[in-house]
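Single-letter residue listing:
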Amino acid sequence: MSAASVIPEPKSMTRAKKWSDEVEEAYRFQVAGYKGEAEYTALKGLEVERWPDSGYIKKLTRKDGNFYYYNKDRECPDKDVHQIKIYSYN
Amino acid sequence: MTDKAKENNKSLTADAFSVKSRLKNSVVTPPPAAGAFKANPLVKQTSFRKFYNRGDLPIALEHDTKGNKIAWKVEIEKLDYHHYLPMFFDGLRETKHPYGFFARQGVHDMLEHGGNKITSVIPQLIIPIKKALELREAKVLCTTLKVLQHLVVSADLVGEALVPYYRQILPVLNIFISMNCNLGDGIDYGQQRRENVGTLIQETLEAFETYGGQDAFINIKYMVPTYESCRLN
């Protein structure tokens, strides 16, 4: 079974209206080129590294093998919030 | 008036303390500006630029990304901090794109994720920091001050490890500490963009004092006499 077939397909997508922890999470994945945690873990087979205090994502491996590092605090600027896609899998 | 008298009235410019200056009709020129605030633009190519152009840095060179992020080819945790951190600090002098951006972001990522590895590299960072401050360019000063603020909080004991190097870092801060104009009811847009040098210096010194341990204040006061403690009193 190839890795591609395991990647879960989202059922629906909505755009974020307001910043929240969930939006921040999606932003960090989407900057690195993933839809969300489900796709990342399916493709990379890695646990997501997180900051101990805030729980935000610390480090992601991109599809090309390079690494992205994220800050302890909020990164998603207000101007980009409406571009973030929130996928639901149910 | 006779011709002779007219000739005597002709004024003569002369440098101060010269023999000419003692003549009756000489006008002594004012002393030249000391140039304490004068910016010294970057003339020589920085080693960061050389390494960047040569592709020696472990970062993916992308010119198309919209974001403010750099992609690392190697995990930061595995990098040799003694080699790379001084190299990125050297790039703080750069204002030209993309060198300035990569240096700033590289330093930011390395400080954010370096942990205890940073403390032992401090002695090697002083010369690049000093060189950056010595340029006396507002843009470079702002970047360096923000980096210094990040540096002192990046790991335990970094603030204290910096105390012996105040003599190298603080003279330029002492020159610019009063660079905080009173505009009356005017708006200084640099304030909201965090580009006001005077305010940044005050913040940096307060961070130094807060994280520098018990000897920090007296050492800061020695180099910057107008600084008042944010913790005592």
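Residues numbered from 1 in each chain as written. Chains lettered and ligands numbered in written order. Predicted model: local features only at pLDDT ≥ 70, side-chain atom pairs only at ≥ 80, totals over all residues. Heavy atoms only, no water.

Student: Outline the overall build of chain A, supporting the account with residue identities and numerical values.
Tutor: Check the secondary structure of chain A and you find 3 helices and 5 strands. Order of helices (α) and strands (β) in chain A, N terminus to C terminus: α-β-α-α-β-β-β-β. In summary, chain A has a C-alpha radius of gyration of 13 Å against a globular reference of 12 Å for 90 residues, a match within 12%. For chain A, the spread of C-alpha atoms along the three principal axes comes to 40 × 30 × 20 Å. Residues counted as buried form 39% of the 90 residues belonging to chain A. (Helix = DSSP H or I, 4+ residues; strand = E, 2+ residues; numbered from the N terminus. Rg over C-alpha atoms; globule rule 2.2 N^0.38 Å. Buried < 20%, exposed > 50% of the residue type's maximum accessible area, 1.4 Å probe, protein only.)

Student: Let's hear about the interface of chain A and chain B: which residues, and what values?
Tutor: At the interface, 14 residues of chain A touch 17 residues of chain B. In total, chain A and chain B occlude about 1,300 Å² of area from one another, counting both sides; carbon and sulfur atoms represent 46% of this. Of all residues in chain A, the largest losses of buried area upon contact with chain B belong to A:Phe67, A:Tyr68 and A:Tyr69, amounting jointly to 45% of the total for that side. Inspection of the region where chain A meets chain B yields 3 salt bridges. Counting across the interface, chain A meets chain B through 9 residue pairs in polar contact (both at pLDDT 80 or more). Among the elements of the structure, strand S3 (57-61) and strand S4 (67-69) of chain A are those that each provide at least two residues to the side of chain A that touches chain B. It is S4(A) that provides the largest number of residues to the side of chain A that touches chain B, a total of 3 residues. Of the residues in the side of chain A that touches chain B, the class split is 6 nonpolar, 2 polar and 6 charged. (Contact = heavy atoms within 4.5 Å. Buried area = accessible area lost by both parts, 1.4 Å probe. Salt bridge = Lys/Arg side-chain N within 4 Å of Asp/Glu carboxyl O. Polar contact = N/O pair within 3.5 Å; in protein donor to acceptor, adjacent residues only side chain to side chain. Nonpolar A, V, L, I, M, F, W, Y, C, P; charged D, E, K, R; others polar.)

Student: Tell me about the packing of aromatic side chains, and please be specific about residues and values.
Tutor: Residue and element names in this part refer to chain A. Taken as a whole and assessed by the stated rule, the structure comprises 12 aromatic pairs over all chains. Arranged with centres 6.4 Å apart and planes meeting at 80 degrees, the rings of Tyr68 and Tyr70 form a pair that is edge-to-face. As far as burial versus exposure is concerned, Tyr68 and Tyr70 are alike and both buried. The aromatic ring of Tyr87 is capped on one face by Lys35, whose charged end is 6.0 Å from the ring centroid. (Phe/Tyr/Trp six-rings, centres within 6.5 Å; stacked < 30°, edge-to-face > 60°. Lys NZ or Arg CZ within 6 Å of the ring centre and 35° of its normal.)

Student: Report on the side chain of B:Lys69, specifying residues and quantitative values.
Tutor: Here B:Lys69 is to be found in the loop between strand S3 (59-60) and strand S4 (71-72). At a separation of 2.9 Å, a polar atom in the side chain of B:Lys69 contacts the main-chain carbonyl oxygen of A:Tyr69. Those residues within four positions of B:Lys69 in sequence are excluded, and the remaining contacts are A:Val31, A:Tyr68, A:Tyr69, A:Tyr70, A:Glu75, B:Phe101 and B:Gln105.

Student: So what about the packing of helix H8 (residues 166-176) of chain B against helix H11 (residues 216-223) of chain B? Which residues, and what values?
Tutor: All names here are of chain B. Direction vectors running N to C along H8 and H11 enclose 50 degrees, while the axes themselves pass 9 Å from each other. Here H11 runs oblique to H8, going by the angle between their axes. Handedness of the crossing formed by H8 with H11: right-handed. Facing H8, whose interface residues are Tyr166, Arg167, Leu170, Pro171 and Asn174, H11 presents Ala216, Asn219, Ile220, Tyr222 and Met223. Class assignment of the residues belonging to the contact of H8 with H11 gives a composition of 7 nonpolar, 2 polar and 1 charged. (Axes fitted to C-alpha atoms, helices over the stretch in contact; angles between N-to-C directions. Parallel < 35°, antiparallel > 145°, perpendicular 65-115°, else oblique. Left-handed = near helix turned anticlockwise from the far one by under 90°.)

Student: Give me the lowdown on the nonpolar core, citing residues and values where you can.
Tutor: B:Trp72, B:Phe89, B:Leu151, B:Leu170 and B:Leu205 are the most contacted members of the largest nonpolar core, which totals 62 residues. Counting 11 residues, the second-largest nonpolar core is a separate cluster that includes A:Tyr40, A:Leu60, A:Tyr70 and B:Ala60. (Core = buried A, V, L, I, M, F, W, Y, C linked by side-chain atoms within 4.5 Å.)

Student: Tell me about helix H5 (residues 122-134) of chain B, and please be specific about residues and values.
Tutor: Residues and elements named next belong to chain B. A rise of 1.5 Å per residue sets the reference length of H5, with its 13 residues, at 18 Å; its end C-alpha atoms lie 18 Å apart and thus fit the reference within 8%. Every buried residue of H5 is listed here: Ile122, Leu125, Ile126, Pro128, Ile129, Ala132 and Leu133. Phi turns positive one or two residues past the end of H5, at Arg136, with a value near 55 degrees. (Expected span 1.5 Å × (residues − 1).)

Student: An account of the pairing of S3(A) is requested, with residue identities and associated values reported.
Tutor: Residue and element names in this part refer to chain A. The element S3 is extensively covered by neighbouring structure, given that 4 of its 5 residues are classed as buried. Where strand S2 (residues 49-50) lies against S3, 2 bridges are found, and the strand directions are antiparallel. Residue Arg50 lies in a different strand from S3, and its bridge partner there is Ile57. Connecting S2 to the antiparallel partner S3 that follows it, the hairpin turn spans 6 residues, and Gly55 within it adopts a positive phi of roughly 80 degrees. Here S3 pairs with S4 via 3 bridges, running antiparallel. From the neighbouring strand, Thr61 faces S4, where its bridge partner is Phe67. Taking the residues between adjacent antiparallel strands as the criterion, S3 and S4 are bridged by 5 residues, where Gly65 takes a positive phi near 95 degrees. (Pairing = 2+ DSSP bridges.)

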